[in-house]
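# Breakdown of the fold
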Amino acid sequence: MRLVKLEARRKMIDRIRSLFARNDALPFDIEKLSDQDNLYDAGMTSFASVQIMLAIEEEFDTEFPERMLTRRTFASVANIAEAVSQLTEQSN
Amino acid sequence: MDTATITAKSLLDSLFDNDILFETGVDGLYGRSGVFEEVIERFQRLVTRLGAPDKATAIHFPPGMSRATLEKSGYMKSFPQLAGCVHSFSGNERDHAKLLGMMAAGEDWTELQQATEVALTPAACYPLYPTVAARGPVPDEGLLFELSSYCFRHEPSQDPARMQLFRMREFVRIGTSDQVRAFRESWLERGKAMIESLGLPCEVDVANDPFFGRGGKMMANNQRDQGLKFELLIPVSSVEKPTACLSFNYHQDHFGQTWGLKFADGSLCHSACVGFGLERVALALFRHHGPDVAAWPAAARAVLWEA
């Protein structure tokens, strides 16, 4: 059971990472960053984080509530994955 | 004016009744009386006096700017709802006849206009950055500019403190992060002391710009988390929601990156600005001290008229 969950998490992270890879406005190669690395420190602008937010909503067919639209939510791939799992678990 | 029960609409009506502002038929576009303009002029002199030791370079841009510059600045990413672009007719005689026909029939004739290369200036400093970038590397001690312009924001409202066309005075500091933040700090202090010397109640608070849409909520949260914008607030049309009359903004290296503003060693410049909403300050003075400037408190008059 636990393994299944870990596998699902890995897949979600891959999907999130592919959205970063497709965005040309980012000054970094997402492959070179860990899930925990701070994306703002790596050069992600506020506006790029908005683009990522919208892309994630589309990819996962979800909508972030206002309380989650913070700098912290989008600060790392891990934080984003945590937020997406909260949203998708709620809707399941 | 009865300050206890004032609303945006009652303040606006009272300004009309006292011939301080004049209606034009469009919310947010008003004629200004001679006295209103005199107050603005005297307040501007006060700003000039306070800023004089810093020896800023003054540049006066018109209220229209290059549309390409506005596009490159990223304004449409953040504030598409506020922007205004100038459109003009450039057709032939036949198009002209069609235009007049549509106008007479009450149809939407504006489709016969095309966008020009001019956009209305949304904040006094937008035309500045490419102008500075074109002059080459920024010196080590940085740069300081003083700007003033009519600005346009498309937000029709019956709140006299939210005009569509209004004047903004600005000081813009371009330099290292430390230089521009020290500049902003100094104006946070000077600005508050200045407004208090006019006998106006005020407070300084962290703030955010009115970024567009849901993504804008995130931009706004980011801006607040990082303490990038502060506003000096004065109760004008509401006590609960005081009006931002001065704003103190740290842009980080946003404009440095956008326009390639660099020092000789190639490192990017940061920028910060302090903006004075001239109509808003004048409205605050009329709202708190009354329609008759001769009857304003002696201390405020001394600061504006006698210094």
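Here is a short report on the structure shown in this document. Computed from a predicted structure; not experimentally measured. (Residues numbered from 1 in each chain as written. Chains lettered and ligands numbered in written order. Predicted model: local features only at pLDDT ≥ 70, side-chain atom pairs only at ≥ 80, totals over all residues. Heavy atoms only, no water.)

### Considerations on the overall build of chain B
Per the secondary structure count, chain B includes 11 helices and 12 strands. Over its C-alpha trace chain B gives a radius of gyration of 21 Å, about what one expects of a compact globule, namely 19 Å for 307 residues. Burial analysis of chain B (307 residues in total) assigns 49% to the buried set. Residue pairs at least 24 apart in sequence account for 70% of intrachain contacts in chain B once pairs closer than 6 positions are excluded. Carbon together with sulfur atoms contributes 53% to the accessible area of chain B, which is approximately 14,000 Å² in total. (Helix = DSSP H or I, 4+ residues; strand = E, 2+ residues; numbered from the N terminus. Rg over C-alpha atoms; globule rule 2.2 N^0.38 Å. Buried < 20%, exposed > 50% of the residue type's maximum accessible area, 1.4 Å probe, protein only. Contact = heavy atoms within 4.5 Å. Areas by Shrake-Rupley, 256 points an atom, 1.4 Å probe, with all protein chains shown as cover.)

### Some remarks on the side chain of serine 76 of chain A
Residue and element names in this part refer to chain A. Checked against the element boundaries, serine 76 lands in the loop between helix 2 (46–59) and helix 3 (77–91). By relative accessible area, serine 76 is classed as buried at 5%. At 3.0 Å, the side chain of serine 76 forms a polar contact with the backbone nitrogen of asparagine 79. When sequence neighbours within four positions are dropped, the list of residues in contact with serine 76 reads Asp35, Gln36, Asp37 and Leu39. (Polar contact = N/O pair within 3.5 Å; in protein donor to acceptor, adjacent residues only side chain to side chain.)

### Comments concerning the interface of chain A and chain B
Each partner contributes residues to the interface: chain A has 14 residues there, and chain B has 10 residues. Of the roughly 1,200 Å² buried where chain A meets chain B, counting both sides, 61% is carbon and sulfur surface. Among the residues of chain A in contact with chain B, Phe47, Leu69 and Arg71 of chain A are the three that bury the most area, contributing 47% of the side total. Linking chain A to chain B there are two salt bridges. Notably, a salt bridge pairs glutamate 57 of chain A with arginine 214 of chain B, separated by 2.8 Å at the nearest N-O pair. Its residues placed into classes, the side of chain A that touches chain B shows seven nonpolar, three polar and four charged. (Buried area = accessible area lost by both parts, 1.4 Å probe. Salt bridge = Lys/Arg side-chain N within 4 Å of Asp/Glu carboxyl O. Nonpolar A, V, L, I, M, F, W, Y, C, P; charged D, E, K, R; others polar.)

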